[in-house]
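Secondary and tertiary structure notes
Here is what each chain is made of, one letter per residue.
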Amino acid sequence: MAKALPPNETESMDYELEEESEDEVLEGWDDWEAEKDDVEEEGDSSDSDLLCFFCDSKYGSCDALFKHCSTSHRFDFRGIRTSLGLDFYGAFKLINYVRSQVAKNRCWSCGVTCQSNQDLQNHLHETVNVEDIKSLWEDDRYLNPFIKDDSLLYSFGEDEAGEDDCTASADKEELMRDLENFEEISIDDENAGDTTVFSADTCDENGGIIVSASNDYSHTASSLEKVVVNGVDSREHADSSGRKLKDKPLRASFPTLIAKDIKNANKNYFGAYSSFGIHREMISDKVRTDAYRQAILKNPSLLNNAVVMDVGCGTGILSLFAAQAGASRVIAIDASEKMATVATQIAMDNGLWRSESQNESNKHPTGVIKVVHGMVEELDKSLQVQPQSVDVLLSEWMGYCLLYESMLSSVLFARDRWLKPGGAILPDTATIFVAGFGKGGTSLSFWENVYGFNMSCIGKELVGDAAQIPIVDIVDNKDIVTSSAVLQSFDLATMKPDGVDFTASAVLESLSNDLECRTTWCYGVVLWFETGFTSRFCKEMPVVLSTSPYTPKTHWSQTILTFQEPIAIASSAKPSSDTFAAVGTDACPATKIHLRISIARAVEHRSIDISLETAGIGPDGRKHKWPARLFTLH
């Protein structure tokens, strides 16, 4: 299991303030108000900043926008909100959810991924029962605006304020309670040592949150960040001399403040990797650790006298292998402060720590391993490493289903910035495989006979639940009922960062003997991956690290996606005499299962979304498609 690199834990929230000198006081409050009114009037002249969910059309009012979405795209926002009884937060989440899906050319209601935005617009359809899909946007991640400064988020409720003042008031009270939980937001200037403190005081008459600022503004412009006030950069309210208001209330939007929750989630995520139990599990994974050890130690021409960078070093085990293999310098980076400290101590205890202190008796560095705490994207803040100066880039970045945890992007960042042209990246290939599994891959068999009692109702409920979420577990190879297929391959030496998100197709066929014509049932698909240390860089001894059901198990296990209903398959079924029998049933088993799978980084940081489209092909060529399934691995 890989570790991702965290944001700088010393960062405050993503607000920026403009420089304000203590001796510069804005005296013309009335002039500032007049200037603000002028800006608002200029903004009103465009009167079309509400962007459609599905196309590039813009509108000047929510009424016009929602009417367009309903008539042109079959998306009745207000109808959905009313039928589900969505409060402010629920409607806010729905907006961000739909925008996030459209950005991926994915249908917001059924999850089908289209080839283009135009194909998506052509695909859009009425939703029969929105209650069935309400859970798709209930996650709090959709409180984070998907589009920066999305005007719709600040105006969708204005038209209804008069209709339900009580509800609006309740929402404001709840909002204030949430803001109180944030306590105070402090933005510190490390250079000046001054602090600007913001606190939520009250709501104004328009429903905005009043945030008061202290008048300690002795920061420089370069060291301060921006505060978005009413969707507008606060810098826009400075006069020509750069002076700004002091001791005046500013209105800041709650959706911007919610970013603090995301940073807390990141902090918790990285904190989890401070647990020694996780690292023991990974090091004890013999398949994983031996693969890296062999690739490093059995290829002396690659590592001898090389400069190595280890992204996400954890305990530093891979860095220790690299030092053992003869590396001249190892830069080990980890996001967890605790693990960076531990890795440093381990390097010291083994005589491999690189001390660069110089004194009269020691003019040269000793040891080879230098451990750095922080994001690889922010390495320059902690250590100066010349661009394109690393010979070997090393990382164990893989997560469940290969891409969970989204650490690959950090590895590719390090590759593009520091790896020499022609330098080695280990591993250098990765491949995702897919196959169908049978009843034994579910919990049905266990519950059908519990000490002689039939408890299959439990198994059926568990299988139903599994159709909603991916399961990470070990699948026995004897429970695989179809052929295996390559879903997607990655060349880590050349791939682009956006190549992490993909859509691919695969065809699965029954494993049963052609002579038997036996029908088996496929309950879903299982995904696994292999990473390769190929002869491109590991010339003496190439190595493959596999998480396949056909090889010894690893801590990654496999990722299981369960169908809504099992599909009957047979290797050479005869055409059914019942021409009305659905393909994939016992009366007309499918001879092939066509899959279309999309995997993309989810809105929730470090999670992935997986969409699964399935079609059965009958012996007579008829096709039966099942509704697309949408899974989130988080």
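Residues numbered from 1 in each chain as written. Predicted model: local features only at pLDDT ≥ 70, side-chain atom pairs only at ≥ 80, totals over all residues. Heavy atoms only, no water.

Below, the discussion takes up the sheet that holds strand E23 (residues 623-633). One open sheet accounts for 4 strands, arranged E17-E21-E22-E23; its pairing is antiparallel. Strands at the two margins of the open sheet, each flanked by one partner only, are strand E17 (502-509) and E23. On average, each strand axis in the sheet is inclined to that of its neighbour by 15 degrees, with strand direction left out of account. Relative to E23, strand E22 (residues 608-617) runs antiparallel, the two being bridged by 9 bridges. For isoleucine 608, the partnering residue across the bridge sits in E23 and is leucine 633. (Pairing = 2+ DSSP bridges. Helix = DSSP H or I, 4+ residues; strand = E, 2+ residues; numbered from the N terminus. Axes fitted to C-alpha atoms, helices over the stretch in contact; angles between N-to-C directions.)

At a minimum axis distance of 11 Å, the contact between helix H3 (residues 77-84) and helix H4 (residues 88-103) shows a crossing angle of 140 degrees. By the angle class used here, H3 and H4 are oblique. The two elements H3 and H4 cross, and the hand of that crossing is right-handed. From H3, Phe77, Ile80 and Arg81 reach across to H4, where they touch Phe88, Ala91, Leu94 and Ile95. Split into classes, the residues belonging to the contact of H3 with H4 amount to 6 nonpolar, no polar and 1 charged. (Parallel < 35°, antiparallel > 145°, perpendicular 65-115°, else oblique. Left-handed = near helix turned anticlockwise from the far one by under 90°. Contact = heavy atoms within 4.5 Å. Nonpolar A, V, L, I, M, F, W, Y, C, P; charged D, E, K, R; others polar.)

Of the residues making up helix H16 (residues 456-466), those classed as buried are Ser456, Gly459, Val463 and Ala466. For H16, the buried positions fall inside an angular range of 75 degrees around the axis, keeping them on one side. Turned more than 90 degrees off the buried face of H16, the exposed positions are Cys457 and Glu461. On its buried face, H16 is in contact with helix H15 (444-448), strand E15 (471-473), strand E20 (558-569) and E23. (Buried < 20%, exposed > 50% of the residue type's maximum accessible area, 1.4 Å probe, protein only. Arc of directions from axis to C-beta.)

Further remarks concern the environment of methionine 495. Relative to the elements of secondary structure, methionine 495 occurs in the loop between strand E16 (485-491) and E17. C-alpha separation for the pair methionine 495 and threonine 429, spaced 66 residues apart in sequence, amounts to 9.9 Å. In this structure, methionine 495 is in contact with Leu408, Leu412, Arg415, Phe490 and Val500, ignoring residues within four places of it in sequence.

Attention now goes to the packing of aromatic side chains. Scanning the model with the defined rule gives 21 aromatic pairs in all. Taking 6.4 Å as the distance between ring centres and 45 degrees as the angle between the ring planes, the aromatic pair formed by tryptophan 108 and tryptophan 137 counts as tilted. Taken together, the residues span a long stretch of sequence, with tryptophan 108 in the loop between H4 and helix H5 (117-123) and tryptophan 137 in the loop between H5 and helix H6 (165-181) at a distance of 29 residues. Judged by its relative accessible area of 1%, tryptophan 137 falls in the buried class. Pairing tyrosine 400 with tyrosine 404 gives two aromatic rings, centres 5.9 Å apart and planes at 15 degrees, and the pair type is stacked. Accessibility assignment for this pair places tyrosine 400 and tyrosine 404 in one class, buried. Just above the ring of phenylalanine 53 sits the side chain of arginine 99; from NZ or CZ to the centre is 4.8 Å. (Phe/Tyr/Trp six-rings, centres within 6.5 Å; stacked < 30°, edge-to-face > 60°. Lys NZ or Arg CZ within 6 Å of the ring centre and 35° of its normal.)

Here H4 is 16 residues long and its end C-alpha atoms lie 23 Å apart, about the 22 Å a rise of 1.5 Å per residue gives. Burial within H4 is extensive, with 14 of its 16 residues counted as buried. A distance of 3.2 Å separates the backbone nitrogen of tyrosine 89 from a side-chain oxygen at the start of H4, and that oxygen is part of aspartate 87. Where H4 terminates, the next one or two residues include asparagine 105, which has phi positive at roughly 55 degrees. (Expected span 1.5 Å × (residues − 1). Polar contact = N/O pair within 3.5 Å; in protein donor to acceptor, adjacent residues only side chain to side chain.)

Among the nonpolar cores identified, the biggest contains 98 residues, and Met309, Trp397, Leu403, Val434 and Ile599 are the most heavily contacted of them. Per-element accounting of this core gives the leading share, 6 residues, to helix H12 (residues 317-324). With 36 residues, the next largest nonpolar core counts Cys52, Leu86, Tyr89 and Leu94 among its residues. (Core = buried A, V, L, I, M, F, W, Y, C linked by side-chain atoms within 4.5 Å.)

Turning our eyes to something else, we now look at the sheet that holds strand E13 (residues 419-426). Taken in spatial order, the 5 strands line up as E11-E10-E9-E12-E13 in an open sheet, and their pairing is parallel. In this open sheet, the two strands that pair with only one neighbour each are strand E11 (369-373) and E13. Within this sheet the neighbouring strands show an average axis-to-axis angle of 20 degrees, counted without direction. Both strand E9 (residues 307-311) and strand E12 (residues 390-395) contribute to a ladder of 4 bridges, which runs parallel.

The subject of this paragraph is the state of the cysteines. All told, the structure shown has 0 disulfides when counted by the stated rule. Left without a disulfide partner, cysteine 107 is nearest to the cysteine sulfur of cysteine 110, which lies 3.5 Å away. Its relative accessible area of 1% is what places cysteine 107 among the buried residues. (Disulfide = S-S within 2.5 Å.)

Let us now look at the pattern of salt bridges. All told, the structure shown has 18 salt bridges when counted by the stated rule. As a salt-bridge pair, lysine 286 and aspartate 290 come within 3.0 Å of each other at their nearest N and O atoms. On the criterion of helical spacing, the pair formed by lysine 286 and aspartate 290 is a turn pair, its members being 4 residues apart in helix H10 (residues 286-297). Residue class for lysine 286 comes out exposed when judged on its relative accessible area of 60%. Here aspartate 290 falls in the partly exposed class, since its relative accessible area comes to 23%. In this structure, the salt-bridge partner of glutamate 396 is arginine 288, at a minimum N-O distance of 2.7 Å. (Salt bridge = Lys/Arg side-chain N within 4 Å of Asp/Glu carboxyl O.)

What is shown is where atoms sit, not what they do.
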